[in-house]
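# Chain and residue survey
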Amino acid sequence: MRPALAAALALAACSPRGEPKVRIAAAADLARAFTELAGEFKARTGVTLELELGSSGLLAKQIEQGAPFALFAAANRAYVDQVVAAGRCDAASARPYAHGQLVVWTPPGVARPDKLADLVDPRFHKIAIANPAHAPYGRAAREVLERAGLWAQLEDRIVLGDNVQATMLYAREHNADVAIIARSLAVVTDGGAALPIDPALHAPLEQVLVVCGHGKDAEAAARFAAFVGSPDGREVMTRYGFVLPEDRVRTSPAR
């Protein structure tokens, strides 16, 4: 572990008992990864993080309206730029922490399509995506279908979830036959099958976090942000299907 991070964690461990929970706003695709990271952070520091999961657009709106979140981990840089412009978060603390990936996910009992074009098959009567109006993964899902020349054929079958986690639930509960969701949710789900989507079909899902507010909560949030970017934090993020910023740079084709 890096010395600076170790010192920060040690300082947090000295916090007095009864320290209030630090509120974290996180994109829904981070549900499993950030739950594990928050648990490990508490074990190391004694600081309890309270996660509010949802679509990045709706969380950004809450922060703009004064919701007391100490950290915002968005699924798209644009929403971090939005809360920074509103004066709610610290521009200097903003940094990419991951790149998201999309998959076509089918629940147990539904045969997975072999390729994206197979979604036109009538057996996929309802196709769930997150709401493109405020969910980055939904916007990316629509872009994928448009670039693949499928949106016009499938638009009438599309059902919208409030966020990418709710979208997966539609398919899991068989209110949709298939869902286009974050790989980070599919890799930790028992049952079902996932078809990877070529990331060239959509704009990069550059996921960025930023510290908000001031005082002790903001200091704790900055320590958690450092933990996410530490070797241990990066291992967790990779395990949950995220591509790290430095890995995407190494694997991107030359222009």
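Let me begin by describing the structure that accompanies this report. This is a predicted model, so every value here is computed, not measured.

How two aromatic rings sit relative to each other is set out by the distance from centre to centre and by the angle between their planes. Applying the stated criterion across every chain, the model contains four aromatic pairs. Here Phe-34 and Tyr-97 contribute two aromatic rings whose centre-to-centre distance is 6.2 Å and whose plane-to-plane angle is 45°, an arrangement assigned as tilted. Of this pair, Phe-34 sits in helix H2 (residues 31-45) while Tyr-97 sits in strand E4 (residues 95-100), placing them 63 residues apart in sequence. As far as burial versus exposure is concerned, Phe-34 and Tyr-97 are alike and both buried. Aromatic pair Phe-41 and Phe-227: ring centres 6.0 Å apart, planes at 35°, arrangement tilted. Here the residue Phe-41 occupies a position in helix H2, and Phe-227 occupies one in helix H9 (residues 215-228), the gap between them amounting to 186 residues.

The subject of this paragraph is the packing of H2 against helix H10 (residues 231-239). Contact geometry of H2 with H10 gives a least axis separation of 9 Å together with a crossing angle of 155°. With respect to H10, the axis of H2 lies roughly antiparallel. Relative to H10, H2 is oriented so that their crossing is right-handed. On H10, the residues that touch Ala-33, Phe-34, Glu-36, Leu-37 and Arg-44 of H2 are Asp-232, Gly-233, Val-236, Met-237 and Arg-239. Taken together, the residues of the contact of H2 with H10 break down into five nonpolar, one polar and four charged.

Glancing now at the pairing of strand E5 (residues 102-106). The buried fraction of E5 is high, at five of five residues. The alternating pattern of E5 places Leu-102, Val-104 and Thr-106 on one face and Val-103 and Trp-105 on the opposite face, and all of these are buried. Of the strand pairs in this sheet, E5 and strand E9 (residues 193-196) are connected by four bridges, and their pairing is antiparallel. Among the inter-strand pairings, Thr-106 is bridged to a residue of E9, identified as Ala-193.

Turning to H2, a few remarks are in order. For H2, which comprises 15 residues, the first-to-last C-alpha distance of 21 Å matches the rise-based estimate of 21 Å (1.5 Å per residue) to within 8%. Positive phi shows up at Gly-46, right after H2, with a value of about 85°.

On to the side chain of Ser-56, then. With respect to the element layout, Ser-56 can be found in helix H3 (residues 56-64). Among the polar contacts listed, one links the side chain of Ser-56 to the backbone nitrogen of Ala-75, at a separation of 2.9 Å.

Turning next to the pattern of salt bridges. Side-chain pairs of opposite charge can arise whenever the charged atoms involved come near each other. All chains considered together, the criterion is met by 10 salt bridges. Two residues, Glu-146 and Arg-142, come together in a salt bridge whose shortest N-O distance is 2.8 Å. Of this pair, Glu-146 and Arg-142 both sit in helix H5 (residues 136-147), four residues apart, which is roughly one turn of the helix. Look at Arg-142 and you get partly exposed, because its relative accessible area is 32%. Here Arg-239 ties to Glu-235 by a salt bridge, and the two come within 3.0 Å at their closest N and O atoms. Here the residue Arg-239 and the residue Glu-235 both occupy positions in helix H10, the gap between them amounting to four residues, near one helical turn. With relative accessibility at 41%, the residue Arg-239 sits in the partly exposed group. Overlapping salt bridges bring together Glu-36, Glu-235 and Arg-239 as one network.

About the cut-offs
Residues numbered from 1 in each chain as written. Predicted model: local features only at pLDDT ≥ 70, side-chain atom pairs only at ≥ 80, totals over all residues. Heavy atoms only, no water. Phe/Tyr/Trp six-rings, centres within 6.5 Å; stacked < 30°, edge-to-face > 60°. Helix = DSSP H or I, 4+ residues; strand = E, 2+ residues; numbered from the N terminus. Buried < 20%, exposed > 50% of the residue type's maximum accessible area, 1.4 Å probe, protein only. Axes fitted to C-alpha atoms, helices over the stretch in contact; angles between N-to-C directions. Parallel < 35°, antiparallel > 145°, perpendicular 65-115°, else oblique. Left-handed = near helix turned anticlockwise from the far one by under 90°. Contact = heavy atoms within 4.5 Å. Nonpolar A, V, L, I, M, F, W, Y, C, P; charged D, E, K, R; others polar. Pairing = 2+ DSSP bridges. Expected span 1.5 Å × (residues − 1). Polar contact = N/O pair within 3.5 Å; in protein donor to acceptor, adjacent residues only side chain to side chain. Salt bridge = Lys/Arg side-chain N within 4 Å of Asp/Glu carboxyl O.

This is a description of form; function is not addressed.
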